[in-house]
Amino acid sequence: MMSDKTSTFIEVRDLQIAFGQQKIHRGINLKVQAGETMVVIGGSGEGKSVLLKELIGLLRPDQGSVKIDGEEIGGLKERAMASIRKKVGILFQNGALFDSLNVSQNVAFPLIQSGVSDQNRIDERVTHCLEVVELSNQGEKMPVQLSGGMRKRVALARAIVNQPQCVLYDEPTAGLDPIVSDSINKLIRRLQKRNKVTSIVVTHDMKSAFHIADRIAYLYQGRIYFEGTPEELKNSDDQQIKNFIEGVSDNHHCLE
Amino acid sequence: MGELLRFSGRSFLDILEYLGRLTAFCRQILDAIIHGRFFPRLLFRQIVTIGYGSQTVVVVTGAFTGAVFAAQSYFKFKDFGVESSVGALVSVAMCRELAPVLTGLMVTGRVGASMAAEIGTMKVSEQIDALRAMAIHPVDYLVIPRLGAIMISMPLLIAESIAFGILAGYAVTVIGFGVPRAWYVHHLLYHTELEDIVIGMTKGFVFGLLIVIISCYQGLAATNGAVGVGRGTTISVVHSSLAILICNFFLTFFLNSLFPLGSQ
Ligand SMILES: Nc1ncnc2c1ncn2[C@@H]1O[C@H](COP(=O)(O)OP(=O)(O)O)[C@@H](O)[C@H]1O
Ligand SMILES: [Mg+2]
C-alpha cells in the first residue's frame, strides 16, 4: 500500500469544471504511476486539452483535487506552483511557440530560464533536441515560417529540453505524416524507457495510442468511461468504445 | 425614463467594475515587484523600444506644437506690442501642459497599442500559458519590464519634447518673425522655473504608468482570438487617452498647489 502511494505521480480526484453553462468535466478520477505512459483518448471537444491544463494549474477546476508528485496544487497561488511546474513539460496542442523568438531560441528558452548559463551546454542540448524531432538546421527559422507539423515538433523539443520528470503531450502526432508520427511515437517510448519519464499523451490517433500506451483512459461525457491496458481496450465489448476505436459514427441521421 | 436610468446605472456599475479589475491588476504588479523575478535584459530592450524608439514621434510632435503655439500667440501679442513675451508663454505652456499631454497621447498610440496587441496575441495563442507552464509569471516577464522602461523613458521624452517645442517656438518668432532675440530669451528664462519642468516630467511619469497598466491589462485579459485582440487594442488606446486627459486635470490642481504658478 505504502509503495503504491509513493509511485503515483499524478492523482486526479473528482475533477469538475464548467465554462458558463457548459459542463466539461463531471468528475474525473485518474491515477498515473511514475514512469508510466498514460494515453488519454476521447472525442474532440470532450475536454482533453482542458484536462492537461488543469493538471498543471493553468486552469483551475471548480471542484476536485489534483496531486502532482504527492503535492496538492488546488490551493496554491500562481507563484507557489512554480516548483511543481518545473517538474512537468507540456506540449500544447497548437504548439504555443513564442513568435518573437526563432526555433533555437524557443527550444533554448526553458533551459535559460531555469538558470543554465553555459552556452556550450545550451547549444548542445538544443541541437540534440532538434535532431531528435528531425528538425536539424532549422534553428534560424521563425515560427511563422514553419508548417503546422514543424511547429508541433519544435514545441515538442521545447517541452523535453529541460529533461522534466513528466511530460504532457497534447496530440503530438496530429497533422504529421506517418513516418514522422512514428518517430515521435518512438521518441515518447524512448523517453519513458531510458529516462523513466512519466507521460500523459492526448491523442486521436489509435495506432499511436496502442503503440505507446501502458494504459489508456477514454474520456467520454466528462468522465473517464474506460481505463485499462491497450489489450483490455481492444477486447472490450462496449459498443461506445468499439465505435470510437473503429471510428464508426453512431449518427444515422446523415443517411436518411 | 426608467430605461435611461437603468442604462446610466449599468454604465456606472461597469466603470466601477473595470476600475476594480484594474486595481486588482495593480496589486498583482505590486506583488510582482516584491516577490517576482526581475528580467534586466527585457527592461533594457523595452527602454530601447519604448524610449529610444518613440523619439521621432515625440520630437516632431513637440516641435510643431511649439511652433504653432508660438505663431498663434505672436499674431495676437503683436497687437499689444508684447511679442517678446511669446517665448515665456510657449515655454511655460510646453512644460506644464502641452509636452506631457501630447507626448502621453502619442506614446499611447505608439506604445500602448502595440503592448495591448502583442500581449493580447500571446494570450490568445497560448504563449502566456506556455510561460506559466515554464514557471514564469507573465506579470514578471511581460509587465514589469515595460513598466520600468516607461517610468524611465517618459520623463526624458517629456524633457525632449519641451526642449524641441521651445526651440521651434524660438525659430518661428525670432528667426521667422524677427522678434528681438535678447528680449525673447530674457523673458523666456525669467518666467520658466525649474518647477515647471518638474511638473511636466512628473505628469509624464504618471501618464506612462497609466498607459502601461491599462494596455497590459487589456492584453492579458484578451480572449476570443483576433477579434478580441483588436477590440482590446482599441479599448486600451481609448481608455489610456481618456485616463491621461482626466488625470491631467486633477494632477494640474495637485501639482499647482505644490508649485504655484503666477505671482509668488
Ligand atoms: N477557455 C475556455 N473558455 C470557454 N470554453 C472553453 C475554453 N477552453 C475550452 N473550452 C471548451 O471546452 C471544451 C473542451 O475543449 P478542449 O479541452 O480543447 O477539447 P479537446 O478534447 O478537443 O482537447 C470545448 O467545448 C471548448 O469549447
Ligand atoms: Mg484539444
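Notes on the overall build of chain A
Right, so step 1: Each helix and strand in chain A was counted, giving 10 helices and 10 strands.
Right, so step 2: Here chain A has a C-alpha radius of gyration of 19 Å; the compact-globule value for 256 residues is 18 Å, and the two agree.
Right, so step 3: Across its three principal axes, chain A shows a C-alpha extent of roughly 55 × 45 × 40 Å.
Right, so step 4: Expressed as a percentage of its 256 residues, the buried residues of chain A come to 51%.
Right, so step 5: Considering only intrachain contacts with a sequence separation of at least 6, the fraction spanning at least 24 residues in chain A is 66%.
Right, so step 6: Accessible area for chain A stands at about 12400 Å²; split by element, carbon and sulfur atoms hold 48% of it.
Right, so step 7: Of the side chains in chain A, 32 bear a positive and 32 a negative charge, and the two mean positions are spaced by 4 Å.

Here's the deal with the overall build of chain B
Right, so step 1: From N to C terminus, chain B includes 9 helices and 0 strands.
Right, so step 2: Ordering the α and β elements of chain B from the N terminus gives α-α-α-α-α-α-α-α-α.
Right, so step 3: Structurally, chain B occupies a C-alpha span of about 65 × 55 × 35 Å along its principal axes.
Right, so step 4: For chain B, the proportion of its 264 residues judged to be buried stands at 47%.
Right, so step 5: Nonlocal contacts in chain B, meaning residues at least 24 apart in sequence, comprise 86% of its contacts between residues at least 6 apart.
Right, so step 6: Surface summary for chain B: the accessible area is close to 13300 Å², and the carbon and sulfur share equals 71%.

What to know about the nonpolar core
Right, so step 1: Grouped together as the largest cluster of nonpolar side chains are 93 residues, with contacts concentrated most on Ile10(A), Leu168(A), Ile200(A) and Phe25(B).
Right, so step 2: Among the elements that take part in this core, helix H6 (residues 138-176) of chain B stands out by supplying 14 residues, more than any other.
Right, so step 3: Setting aside its immediate chain neighbours within four residues, Ile10(A) contacts Leu30(A), Lys31(A), Val32(A), Leu55(A), Lys67(A), Ile68(A), Cys166(A), Leu168(A) and Ile200(A).
Right, so step 4: By size, the runner-up hydrophobic cluster in this structure holds 44 residues, among which are Val39(A), Val132(A), Leu135(A) and Ala155(A).

Focus: the interface of chain A and chain B
Right, so step 1: The partner chain B presents 21 residues to the 21 residues of chain A that form the contact.
Right, so step 2: The three residues of chain A that bury the most area against chain B are Arg79(A), Phe98(A) and Gln113(A), which together make up 35% of that side's buried surface.
Right, so step 3: In this assembly, chain A and chain B are joined by 4 salt bridges.
Right, so step 4: The salt bridge involving Arg79(A) is made with Asp140(B); its shortest N-O contact spans 2.9 Å.
Right, so step 5: In this assembly, chain A and chain B are joined by 10 residue pairs in polar contact (both at pLDDT 80 or more).
Right, so step 6: When contributions to the side of chain A that touches chain B are tallied by element, the ones reaching two or more residues are helix H3 (82-85), strand S6 (88-91) and helix H4 (103-113) of chain A.

As for unusual backbone geometry
Right, so step 1: The phi angle at Asn137(A) is positive, at roughly 65 degrees, despite the residue not being glycine.
Right, so step 2: Its location among the elements puts Asn137(A) in the loop between helix H5 (119-132) and helix H6 (148-160).

Observations concerning the site of ligand 1
All names here are of chain A.
Right, so step 1: Taken together, Phe19, Gln22, Ile24, Gly43, Ser44, Gly45, Glu46, Gly47, Lys48, Ser49, Val50 and Gln93 form the complete shell of residues around ligand 1.
Right, so step 2: At a separation of 2.7 Å, an oxygen atom of ligand 1 approaches a polar backbone atom of glycine 45.
Right, so step 3: Here glutamate 46 contributes a backbone N or O atom positioned 3.3 Å from an oxygen atom of ligand 1.
Right, so step 4: A total of 570 Å² of accessible area belongs to ligand 1 in isolation, and the protein chains cover 61% of it.
Right, so step 5: Looking at the shell around ligand 1, the elements that each hand over two or more residues are strand S2 (22-33) and helix H2 (48-55).
Right, so step 6: Here the shell around ligand 1 takes 3 residues from H2, the largest share from any one element.
Right, so step 7: Here the shell around ligand 1 is built from residues that sort into 3 nonpolar, 7 polar and 2 charged.

Observations concerning the packing of helix H8 (residues 194-220) of chain B against helix H9 (residues 225-258) of chain B
Residues and elements named next belong to chain B.
Right, so step 1: The interhelical angle for the contact between H8 and H9, taken along N-to-C directions, is 150 degrees, at an axis separation of 9 Å. Relative to H9, the element H8 lies roughly antiparallel. Judged by the sense of rotation from one axis to the other, the crossing of H8 with H9 is right-handed. Within the contact between the two elements, H8 uses Ile199, Thr202, Lys203, Val206, Phe207, Leu210, Ile211, Ile214, Ser215 and Gln218 and H9 uses Gly232, Ile235, Ser236, His239, Ser240, Ala243, Ile244, Cys247, Asn248, Leu251, Thr252 and Leu255.
Right, so step 2: When its residues are assigned to classes, the contact of H8 with H9 shows 12 nonpolar, 9 polar and 1 charged.

A short note on the coordination of the magnesium ion (ligand 2)
Residues and elements named next belong to chain A.
Right, so step 1: In the first shell of the magnesium ion (ligand 2), the protein supplies Ser49 (OG) and Gln93 (OE1), at 2.0 to 2.1 Å from the metal. Remark: glutamine 93 occurs in the loop between S6 and H4 and serine 49 occurs in helix H2; sequence separation between them is 44 residues.
Right, so step 2: Given a relative accessible area of 36%, glutamine 93 falls into the partly exposed group.

Description of the environment of Leu130(A)
Residue and element names in this part refer to chain A.
Right, so step 1: If you trace the backbone, leucine 130 turns up in helix H5.
Right, so step 2: Since its relative accessible area comes to 5%, leucine 130 is described here as buried.
Right, so step 3: C-alpha separation for the pair leucine 130 and arginine 153, spaced 23 residues apart in sequence, amounts to 8.3 Å.

Brief notes about the side chain of Lys152(A)
Residues and elements named next belong to chain A.
Right, so step 1: Secondary-structure assignment places lysine 152 in helix H6.
Right, so step 2: Buried charge lysine 152 goes without a salt bridge, the closest partner of opposite sign being glutamate 171 at 5.2 Å.
Right, so step 3: Lysine 152 has contacts with Leu91, Phe92, Gln93, Asp170, Glu171, Pro172 and Ala174, leaving out every residue within four places of it along the chain.

Examining the environment of Lys48(A)
Residue and element names in this part refer to chain A.
Right, so step 1: The topology assignment puts lysine 48 in helix H2.
Right, so step 2: Placed 158 residues apart in sequence, lysine 48 and methionine 206 show a C-alpha to C-alpha distance of 15 Å.
Right, so step 3: If near-sequence neighbours (up to four positions away) are discounted, lysine 48 is found in contact with Val40, Ile41, Gly42, Gly43, Glu171, Val202, His204 and Leu219.

Parameters and conventions
Residues numbered from 1 in each chain as written. Chains lettered and ligands numbered in written order. Predicted model: local features only at pLDDT ≥ 70, side-chain atom pairs only at ≥ 80, totals over all residues. Heavy atoms only, no water. Helix = DSSP H or I, 4+ residues; strand = E, 2+ residues; numbered from the N terminus. Rg over C-alpha atoms; globule rule 2.2 N^0.38 Å. Buried < 20%, exposed > 50% of the residue type's maximum accessible area, 1.4 Å probe, protein only. Contact = heavy atoms within 4.5 Å. Areas by Shrake-Rupley, 256 points an atom, 1.4 Å probe, with all protein chains shown as cover. Lys, Arg positive; Asp, Glu negative; His and termini not counted. Charge placed at Lys NZ, Arg CZ, Asp CG, Glu CD. Core = buried A, V, L, I, M, F, W, Y, C linked by side-chain atoms within 4.5 Å. Buried area = accessible area lost by both parts, 1.4 Å probe. Salt bridge = Lys/Arg side-chain N within 4 Å of Asp/Glu carboxyl O. Polar contact = N/O pair within 3.5 Å; in protein donor to acceptor, adjacent residues only side chain to side chain. Near = heavy atom within 4 Å. Nonpolar A, V, L, I, M, F, W, Y, C, P; charged D, E, K, R; others polar. Axes fitted to C-alpha atoms, helices over the stretch in contact; angles between N-to-C directions. Parallel < 35°, antiparallel > 145°, perpendicular 65-115°, else oblique. Left-handed = near helix turned anticlockwise from the far one by under 90°. Donors = N, O, S within 2.8 Å, 3.2 Å for Na, K, Ca; no water.

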